[in-house]
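Examining the three-dimensional arrangement
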Amino acid sequence: MCCSGFLKIMMFIFNGSIFIAGAAILGVGVWVKVDSGSLLGILENVHVSSGLSQLLNVSYMLIAVGAVLVVIGFLGCCGAIRESRCMLLTFFSIVLIIFLIEVAAAVVLLVFQGLADQLLLDLEEEVRGSIKTEFGKSESLTSIWNATMEGLKCCGYMNYTDFEDSPYTSDHGGDVYPPTCCNATISDDICNGNKAHLSMIDGCFDKLLQLIEDNAVIIAAVALGIAALEIAAMVVSMVLYKKIGTKA
């Protein structure tokens, strides 16, 4: 009886955390969808190929993931507190399906390790084209790029030449680049082509790849932790399921 009560409390705490996390992710997804100033605004100004169109649906993915987590948390909490075998079995089934999908996704990522790199490279022509036609002209795209370059300490998608012949350079005399494209030790006023070339500031593409690689261990550790929690949740839900069946 004591063991059963402890398992109920653990299920409630665990699934309550899942419910809160799901609600937070759902909120972020809605925010990304309605916020025109988000980083995804860059992609909204790019005519991507059909193979990359799924990148524009990140907000929908967040909303879907958040909704699923909310449902899982609700089923786990109510199933444990109300001792509902139906809810516990549904909870177990959903978590098992998610776990199998995660395993399949991990296998795909291991097999196609260069997939993310290739996706970003495929975007190069479209993104650089949007910079040349919209940077300095579109206020939203310009502000997003400025914030991105300032945050990642980068310049353009590949390098400073992405801004050549853009509305920004045209409006500033033809040889002026964003301040982030020049090193502060080389230029303390106007960033021109020569100073940008000498500064050799990395493009945001390289910075983004470096960010992913630097955090690969953390991402892997988090993924393993989530997998362990999912296994534990499935075991506990089945233990409670059997105990409730025995009492009935």
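In the block above lies the structure referred to throughout.
These remarks concern the structure in this document. The shown structure was predicted, so the numbers you read here are calculated from the model rather than taken from an experiment. (Residues numbered from 1 in each chain as written. Predicted model: local features only at pLDDT ≥ 70, side-chain atom pairs only at ≥ 80, totals over all residues. Heavy atoms only, no water.)

Overview of helix H6 (residues 124–134)
An α-helical turn contains 3.6 residues, so any two residues separated by three or four positions project in the same direction. Where H6 is concerned, the buried positions are Val127, Ser130 and Ile131. Looking straight down H6, one finds its buried side chains confined to an arc of 100 degrees; they lie on one side. Where H6 is buried, its residues touch helix H7 (139–152) and helix H8 (167–171). Positive phi appears at Gly136, one or two residues downstream of H6, with a value of about 95 degrees. (Buried < 20%, exposed > 50% of the residue type's maximum accessible area, 1.4 Å probe, protein only. Helix = DSSP H or I, 4+ residues; strand = E, 2+ residues; numbered from the N terminus. Arc of directions from axis to C-beta. Contact = heavy atoms within 4.5 Å.)

Remarks on H7
Taking 1.5 Å per residue as the helical rise, H7 with its 14 residues ought to reach 20 Å, and the 20 Å between its terminal C-alpha atoms agrees with that figure. All buried positions along H7 are accounted for by Leu141, Thr142, Ile144, Trp145, Thr148 and Met149. The arc that holds every buried residue of H7, seen down its axis, measures 165 degrees, which confines them to one face. Set apart from the buried face of H7 by more than 90 degrees, the exposed residues are Glu139, Ala147 and Gly151. Note on H7: the residue one or two positions beyond its end, Lys153, has a positive phi of about 55 degrees. (Expected span 1.5 Å × (residues − 1).)

Some words on unusual backbone geometry
Positive phi, close to 55 degrees, is recorded for Glu83, a residue that is not glycine. Along the chain, Glu83 turns up in the loop between helix H3 (58–81) and helix H4 (85–111). By relative accessible area, Glu83 is classed as partly exposed at 25%. Here Met200, not a glycine, exhibits a phi torsion of approximately 50 degrees, which is positive. Within the fold, Met200 resides in the loop between helix H9 (193–199) and helix H10 (204–214).

Structural notes on the environment of Gly27
Mapped onto the elements of the fold, Gly27 is located in helix H1 (residues 2–34). For Gly27, a relative accessible area of 37% gives the class partly exposed. Through-space distance from the C-alpha of Gly27 to that of Ala67 is 9.8 Å; in sequence the pair is 40 residues apart.

Points about the environment of Val28
Relative to the assigned elements, Val28 resides in helix H1. Val28 gets classed as partly exposed once you look at its relative accessible area, which sits at 40%. For the pair Val28 and Leu62, spaced 34 residues apart in sequence, the C-alpha separation works out to 7.2 Å.

Re the packing of H7 against H10
In the contact formed by H7 and H10, the axes pass within 10 Å of each other and the chain directions differ by 55 degrees. As summarised for this structure, H7 and H10 are arranged oblique, according to the angle between their axes. By crossing handedness, the relation of H7 to H10 is classed as left-handed. Seen from H7, the contacting residues are Trp145, Thr148, Met149 and Leu152; seen from H10, they are Cys204, Lys207 and Leu211. (Axes fitted to C-alpha atoms, helices over the stretch in contact; angles between N-to-C directions. Parallel < 35°, antiparallel > 145°, perpendicular 65-115°, else oblique. Left-handed = near helix turned anticlockwise from the far one by under 90°.)

So, the side chain of Ser84
Residue placement: Ser84 occurs in the loop between H3 and H4. Of the polar contacts made by the side chain of Ser84, one reaches the backbone nitrogen of Met87; its length is 3.2 Å. (Polar contact = N/O pair within 3.5 Å; in protein donor to acceptor, adjacent residues only side chain to side chain.)

Focus: the nonpolar core
In terms of nonpolar packing, the biggest core is built from 23 residues, with Ile131, Phe135, Trp145, Met149, Tyr157, Phe163 and Cys181 touching the most fellow members. Mapped onto this core, the elements with two or more residues apiece are H6, H7 and H10. Grouped together as the second largest cluster of nonpolar side chains are 20 residues, Leu7, Leu75, Ala80 and Met234 included. (Core = buried A, V, L, I, M, F, W, Y, C linked by side-chain atoms within 4.5 Å.)

Regarding a nonpolar patch on the surface
A contiguous nonpolar patch, built from Ile9, Phe12, Ile13 and Ile81 and spanning about 400 Å² of accessible area, is present on the exposed surface. It is H1 that provides the largest number of residues to the nonpolar patch, a total of three residues. Take Ile81: it is sitting in helix H3. (Patch = residues over 30% accessible without salt bridge, like charges linked within 9 Å, V, L, I, M, F, W, Y side chains within 5 Å. Areas by Shrake-Rupley, 256 points an atom, 1.4 Å probe, with all protein chains shown as cover. Salt bridge = Lys/Arg side-chain N within 4 Å of Asp/Glu carboxyl O.)

As for the environment of Ala227
You can see Ala227 is positioned in helix H11 (residues 216–247). A relative accessible area of 19% places Ala227 in the buried class. Each C-alpha atom, one on Ala227 and one on Val103, is 9.0 Å from the other, the two residues being 124 residues apart in sequence.

Focus: the packing of H6 against H7
The geometry of H6 relative to H7 is characterised by a closest axis approach of 10 Å and an angle of 120 degrees between their N-to-C directions. The angle between H6 and H7 falls in the class oblique. As for the relative orientation of H6 and H7, their crossing is left-handed in sense. Facing Val127, Ser130, Ile131 and Glu134 of H6, the residues of H7 in contact are Leu141, Thr142 and Trp145. Looking at side-chain class alone, the contact of H6 with H7 contains four nonpolar, two polar and one charged residues. (Nonpolar A, V, L, I, M, F, W, Y, C, P; charged D, E, K, R; others polar.)

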